Amino acid sequence: MVLTIGQLAATAGVTVRTVRHYHHVGLLPEPERDASGYRRYRAQAAVDLIRIRTLADAGVPLARIDALLHARPTEFASAITDIDAELQRKIDQLAEYRRRIAELASGESLVLPPEVVAVLNRMRSLGISERRVRLERDSWILMQALDPRALPQRVREKNASFDDPETTRLILACDQSVDWDPHDPRLDRLIDDLDAWEIEHERDSGQPDYLNLIISRISEASPAWQRIVDALTHRAERRRTAGPDS
């Protein structure tokens, strides 16, 4: 009994395209054409194709199937053990990928330590917008990359600021001003309040370059915030120029 390529494929439960692919990679010998110009397959080809399909469906790489088809029983068993071990390594790797992808739902934990993630979550609990929290997250990422030793102190300072009602009020006010027009008169009052806070807390105007980068990253998100930063910087510079006795 001889089979056409379509009949052969149907017998093994594969497509004609798959049969041709197996011909191309050398897994299944391609018979000569008959007088009519068609390729005719004998029963052995069907048996070989079913074995190839079974191994491929089991996850055996095509590059290893030919050797398995011609292996002695002991060699076959050893090869299957190796393939099984390789599959298990891939399963473990995929499980790790799934674990990491699951963590993306709260992506901060992938790149930031738990104490910083706690700060971000505390901001959310205070009612600070997710937009501002994301900017804060990016700031912590920059800080961790450029000055990781400063992180513990900054975490303490952040938590202390949230413990202070006036500081928290100003943080929330800044957050609410994100979409204000830069010439909104409410910004003038907010700038005065922020300037008074800086004077009261005697903030050191000198700061690492990475903090300037972080401030720039935040202020560029909003023209109103940019105006706040520019005004406070100008006032602080004017006080330094005037001196302590002015």
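All values reported here derive from a predicted model rather than from experimental measurement. (Residues numbered from 1 in each chain as written. Predicted model: local features only at pLDDT ≥ 70, side-chain atom pairs only at ≥ 80, totals over all residues. Heavy atoms only, no water.)

Asks: Report on helix H7 (residues 114-125), specifying residues and quantitative values.
Replies: Spanning twelve residues, H7 covers 16 Å between terminal C-alpha atoms, matching the ideal 16 Å at 1.5 Å per step. If you follow the buried residues of H7, they end up packed against helix H6 (108-111), helix H8 (130-146) and helix H9 (151-163). Positive phi appears at Gly127, one or two residues downstream of H7, with a value of about 95 degrees. (Helix = DSSP H or I, 4+ residues; strand = E, 2+ residues; numbered from the N terminus. Expected span 1.5 Å × (residues − 1). Contact = heavy atoms within 4.5 Å.)

Asks: Tell me about the side chain of Glu136, and please be specific about residues and values.
Replies: Relative to the assigned elements, Glu136 resides in helix H8. Those residues in contact with Glu136 that sit more than four places away from it in its chain are Leu120, Met123 and Lys158.

Asks: Kindly report on the packing of H7 against H9, identifying the contributing residues and their values.
Replies: Running from N to C, H7 and H9 point in directions that differ by 20 degrees, and their axes come no closer than 10 Å. As judged from the angle between their axes, H7 and H9 are roughly parallel. Of the two possible hands of crossing, H7 and H9 adopt the one that is left-handed. Judged by residue contacts, Glu115, Val116, Val119, Arg122 and Met123 of H7 engage Leu151, Val155, Lys158, Asn159, Phe162 and Asp163 from H9. Grouping the amino acids of the contact of H7 with H9 by side-chain chemistry returns six nonpolar, one polar and four charged. (Axes fitted to C-alpha atoms, helices over the stretch in contact; angles between N-to-C directions. Parallel < 35°, antiparallel > 145°, perpendicular 65-115°, else oblique. Left-handed = near helix turned anticlockwise from the far one by under 90°. Nonpolar A, V, L, I, M, F, W, Y, C, P; charged D, E, K, R; others polar.)

Asks: Talk me through the nonpolar core; I want residue IDs and the actual numbers.
Replies: Core analysis: the largest hydrophobic core is formed by 22 residues, its most contacted members being Leu8, Val19, Leu28, Tyr41, Leu49, Ile52 and Ile65. Contributing elements (two or more residues each) for this core: helix H1 (5-12), helix H2 (16-25), helix H3 (43-57), helix H4 (62-69) and helix H5 (73-103). Looking at this core, the element that brings in the most residues is H3, giving five residues. Excluding its chain neighbours within four sequence positions, the residues that come into contact with Ile65 are Leu27, Ile52, Leu55, Ala56 and Val60. Listed in part, the 17 residues of the second largest apolar core include Leu170, Cys174, Leu190 and Ala224. (Core = buried A, V, L, I, M, F, W, Y, C linked by side-chain atoms within 4.5 Å. Buried < 20%, exposed > 50% of the residue type's maximum accessible area, 1.4 Å probe, protein only.)

Asks: Kindly report on the packing of aromatic side chains, identifying the contributing residues and their values.
Replies: Counting across every chain of the model gives zero aromatic pairs. In this structure, Arg132 packs its charged tip against the face of Trp225, placed 6.0 Å from the ring centre. When the ring centre of Trp180 is taken as reference, the NZ or CZ atom of Arg186 above it lies at 4.0 Å. (Phe/Tyr/Trp six-rings, centres within 6.5 Å; stacked < 30°, edge-to-face > 60°. Lys NZ or Arg CZ within 6 Å of the ring centre and 35° of its normal.)

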